[in-house]
Amino acid sequence: MDEPTVVVGIATKAHGIRGEVAIQTRSDNPDRWSVGAVVIDEDGTEFTIATARGGGGRLFVRFDGVEDRNAAETLRGRTFVVPLSWLPPLPEGEYWPHQLQGANVVTESGRDLGRIDDVVANPANDLWVAVDDGGHETFVPAIADVVVQVDLAAHRIVVRDVPGLTGPDDEG
């Protein structure tokens with residue numbers, strides 16, 4: 001595929017005898033796993049969703065052409081992606097993890113916290129993991145009280161100085 005992609009799910013195992021696979025979903029898009037939607041595996045093969053049920057991060061999906069457990073078993077461990085151009089637009093102030101990856105994080109006072117290395121999805125709010133040159137991780141809650149500015153073009157994020165969160169460790 002010529003276009004960059006984003007991971008939307010991983011097939012963890014076959015489920016039942018009718019060709020379903022358990023999918024660990026990595027997508028916040030509620031329509032990503034709806035009937036008729038298409039996902040692509042790491043080999044570039046397109047799969048159209050015939051049925052999908054479940055929720056909470058784990059789905060049971062049957063793809064067109066995958067009719068029994070043996071066929072579903074061949075999908076175990078496959079990673080499913082979609083091109084970035086297939087992602088829906090997000091509301092103002094929300095970001096896809098790939099947009100934040102590598103962004104430099106600094107506090108309002110100018111302290112460098114490192115670059116975004118990971119985005120951890122949580123029920124209340126995401127945590128942006130910034131890692132500095134020394135390997136120190138800072139978990140930044142993605143909430144308005146902490147995040148001051150996100151400049152995607154400059155790949156820069158400014159956060160509030162929060163004692164115990166963005167301050168140096170107390171070694172005393």
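Preceding this section is the structure that the text describes.
Residues numbered from 1 in each chain as written. Predicted model: local features only at pLDDT ≥ 70, side-chain atom pairs only at ≥ 80, totals over all residues. Heavy atoms only, no water.

Colleague: Mind showing me how you'd approach the pairing of strand β2 (residues 20-25) here?
Modeller: Every regular strand shows the same layout, with side chains that alternate between the two sheet faces. Taking burial as the measure, the 6 residues of β2 include 5 buried ones, the bulk of the element. Where strand β1 (residues 5-15) and β2 come together, 6 bridges link them in antiparallel fashion. Paired with Ala14 across the strands is Val21, a residue of β2. As consecutive antiparallel partners, β1 and β2 are separated by 4 residues, and within that stretch Gly16 has a phi angle of approximately 75 degrees, a positive value. Sheet topology note: the β2/strand β5 (residues 58-63) ladder contains 5 bridges and is antiparallel. Residue pairing across strands places Gln24 opposite Arg58, the latter belonging to β5. (Buried < 20%, exposed > 50% of the residue type's maximum accessible area, 1.4 Å probe, protein only. Helix = DSSP H or I, 4+ residues; strand = E, 2+ residues; numbered from the N terminus. Pairing = 2+ DSSP bridges.)

Colleague: Help me understand the layout of surface pockets in this model?
Modeller: Over the atoms rolls a probe the size of a water molecule, and its path tells where empty space is left. Reported here for the largest pocket is a volume of approximately 560 Å³. As for the largest pocket, its lining consists of 17 residues, and the residues nearest its centre are Val7, Arg26, Ser27, Pro97 and Val119. Here the lining of the largest pocket is built from residues that sort into 8 nonpolar, 4 polar and 5 charged. One number sums up the size of the second largest pocket: a volume of about 430 Å³. Along its surface, the second largest pocket is lined by 21 residues, and Gly93, Glu94, Tyr95, Asp126 and Trp128 are the ones closest to its centre. (1 Å grid on protein atoms, 1.4 Å probe; cavity = no way out; pocket = protein on both sides within 12 Å on 5 of 7 lines; lining within 4 Å. Points joined across faces, edges and corners; volume = space filled by probe spheres on them. Nonpolar A, V, L, I, M, F, W, Y, C, P; charged D, E, K, R; others polar.)

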